[in-house]
Amino acid sequence: MRPVQNALGMSSLSGVGIGLRATHYQTILNSLPQVPWFEALTDNYMGRGGLPLHHLERVAEHYPITLHGVGLSLGSTDPLNTTYLKKLKQLCERFQPVLVSDHLCWSSVSNVHGHDLFPLPYTERAAKHIGDRIQAVQDFLGHRILVENVSSYLQYKESMQTEAEFLVDVIERADCNLLCDINNIFVSASNHNFDAQEYLELMPVDRVQEMHLAGYEDQGTHLLDTHGAKVHAPVWSLYERALQRFGQVPTLIEWDTNIPEFSVLMAERDKAAAYHADVKHHVASGF
Ligand SMILES: [Fe+2]
């Protein structure tokens, strides 16, 4: 087991958690299911009060919490949003999340938000740019964050590195950790015709602090990362290999569209937990 402990040593994380969604607040609080931790979407808790914060406080009384955001726009050329950063820091002080994460992407240009997670050109210049900004965020928060690989549907002709090489470059420059989304690797590998297993082999083992599992939709011409379905068979296979390489890293079931009954998420969680418990740790020998 590779439990992850937060900077203050207040709590640790292990096993397979579930993404906390508003539709499940009451089910969770009424039944206190056997889930080792929940991941809250940072951007949903940035208000000054109200029901979301109230529910998150109740959930945090019973479970370790991680914070996962989409609003830092780490790869953008817009200045870092200091209002957002201050709110994020306040949330961290209030909830003591074991992990704090956002994405390896940009979302805004000229302060207009696209409300999507756009990939970067994979160049040294872009790696330095986003690496510097991740460092600035970490300096402001006072601890490391995790950056997550995103699903993508376009590539830039300017790219000089593969996505995996770029990710490793950014992690080294920023001295940050990695949230390795297994579904996103599979979706992007399928859309851009690269080898998902080769991608996994390049990831620095000691930086992988969390993994994500989710479902995609096959659109015929490409795979669309909907987070609205069960995890697909090839993603389970890739997850098994990731566990062999990275060890029993805390893993999350993500489901954001067509959100089903909590019992469906629990069944997916239990399936992932079986993979998680069974895997033999072969970090030294690779696959
Ligand atoms: Fe994810």
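Now for a quick tour of the structure.

## Overview of the overall build of the chain
Within the chain, the secondary structure is distributed over 9 helices and 14 strands. Computed over C-alpha atoms, the radius of gyration of the chain comes to 18 Å, within 12% of the 19 Å expected from 2.2 N^0.38 for 287 residues, which places it in the range of a compact globule. If you line up the chain on its principal axes, its C-alpha atoms span 50 × 40 × 40 Å. The proportion of buried residues among the 287 residues of the chain is 41%. In the chain, the share of contacts with a sequence separation of at least 24, taken over all contacts with a separation of at least 6, comes to 78%.

## Some details on the sheet that holds strand β4 (residues 38-41)
With parallel pairing, 8 strands are arranged side by side around a closed barrel as β3-β4-β5-β6-β9-β10-β11-β14. Taking each pair of neighbouring strands and ignoring which way they run, the sheet shows an average axis angle of 30 degrees. Both strand β6 (residues 100-103) and strand β9 (residues 146-148) contribute to a ladder of 3 bridges, which runs parallel. Opposite Asp102, over in β9, you have Val147 as the bridge partner.

## Re the packing of helix α6 (residues 182-192) against helix α8 (residues 233-246)
Angle between the axes and distance between the axes are the two parameters that describe a pair of packed helices. One way to put it is that α6 packs onto α8 with a least axis distance of 9 Å and a crossing angle of 120 degrees. Judged by the angle between their axes, α6 and α8 are oblique. In the packing of α6 onto α8, the handedness of the crossing is right-handed. Residues Ile182, Asn183, Ile185 and Phe186 of α6 form the contact with α8, whose participating residues are Pro234, Val235, Leu238, Tyr239 and Ala242. Tallied by class, the residues present in the contact of α6 with α8 amount to 8 nonpolar, 1 polar and no charged.

## Notes on the nonpolar core
Within the largest apolar cluster, 72 residues are counted, with the highest numbers of intra-cluster contacts made by Val147, Val170, Ile182, Leu213 and Ala242. When near neighbours in sequence (up to four residues on either side) are disregarded, Val147 contacts Leu74, Ser101, Asp102, His103, Leu104, Ile134, Val170, Cys176, Leu178 and Leu179.

## Some remarks on unusual backbone geometry
The backbone phi angle of Leu32 is positive, close to 40 degrees, even though this residue is not glycine. Counting through the fold element by element, Leu32 comes out in the loop between α1 (25-31) and β4. Classification of Leu32 as exposed rests on a count of 11 C-beta atoms within 10 Å. One non-glycine residue with positive phi stands out, namely Asn193, at about 60 degrees. Its location among the elements puts Asn193 in the loop between α6 and α7 (196-202). Under the C-beta neighbour-count criterion, Asn193 is labelled exposed, with 7 such atoms within 10 Å.

## Examining the packing of helix α3 (residues 82-95) against helix α4 (residues 124-141)
Put simply, α3 and α4 touch, their axes get as near as 10 Å, and they point 50 degrees apart. Here α4 runs oblique to α3, going by the angle between their axes. Here α3 runs over α4; the crossing is right-handed. On α4, the residues that touch Leu85, Leu88, Lys89 and Cys92 of α3 are Val137, Phe140 and Leu141. Per-class residue counts for the contact of α3 with α4 are 6 nonpolar, no polar and 1 charged.

## Re the pairing of strand β8 (residues 112-118)
Where strand β7 (residues 106-109) and β8 come together, 3 bridges link them in antiparallel fashion. If you follow Trp106 over to β8, its bridge partner there is Phe118. Two successive antiparallel strands, β7 and β8, enclose a turn made up of 2 residues, where Ser110 displays a positive phi of approximately 50 degrees.

## Notes on the environment of Leu67
Along the chain, the position of Leu67 falls in strand β5 (residues 65-68). Assessed through the 23 C-beta atoms surrounding it within 10 Å, Leu67 is described here as buried. Note: C-alpha distance between Leu67 and Asn193 (126 residues apart in sequence) is 32 Å.

## So, the pairing of β6
A regular strand carries its side chains on alternate faces of the sheet. Neither face of β6 is exposed, since Val100 and Asp102 on one face and Ser101 and His103 on the opposite face are all buried. Crossover handedness for the path β5 to α3 to β6: right-handed.

Conventions we followed
- Residues numbered from 1 in each chain as written.
- Predicted model: local features only at pLDDT ≥ 70, side-chain atom pairs only at ≥ 80, totals over all residues.
- Helix = DSSP H or I, 4+ residues; strand = E, 2+ residues; numbered from the N terminus.
- Rg over C-alpha atoms; globule rule 2.2 N^0.38 Å.
- Buried ≥ 20, exposed ≤ 12 C-beta atoms within 10 Å, placed from the backbone.
- Contact = placed C-beta atoms within 7 Å.
- Pairing = 2+ DSSP bridges.
- Axes fitted to C-alpha atoms, helices over the stretch in contact; angles between N-to-C directions.
- Parallel < 35°, antiparallel > 145°, perpendicular 65-115°, else oblique.
- Left-handed = near helix turned anticlockwise from the far one by under 90°.
- Nonpolar A, V, L, I, M, F, W, Y, C, P; charged D, E, K, R; others polar.
- Core = buried A, V, L, I, M, F, W, Y, C linked by C-beta atoms within 7 Å.
- Right-handed = clockwise from strand over helix to strand, strands pointing away.

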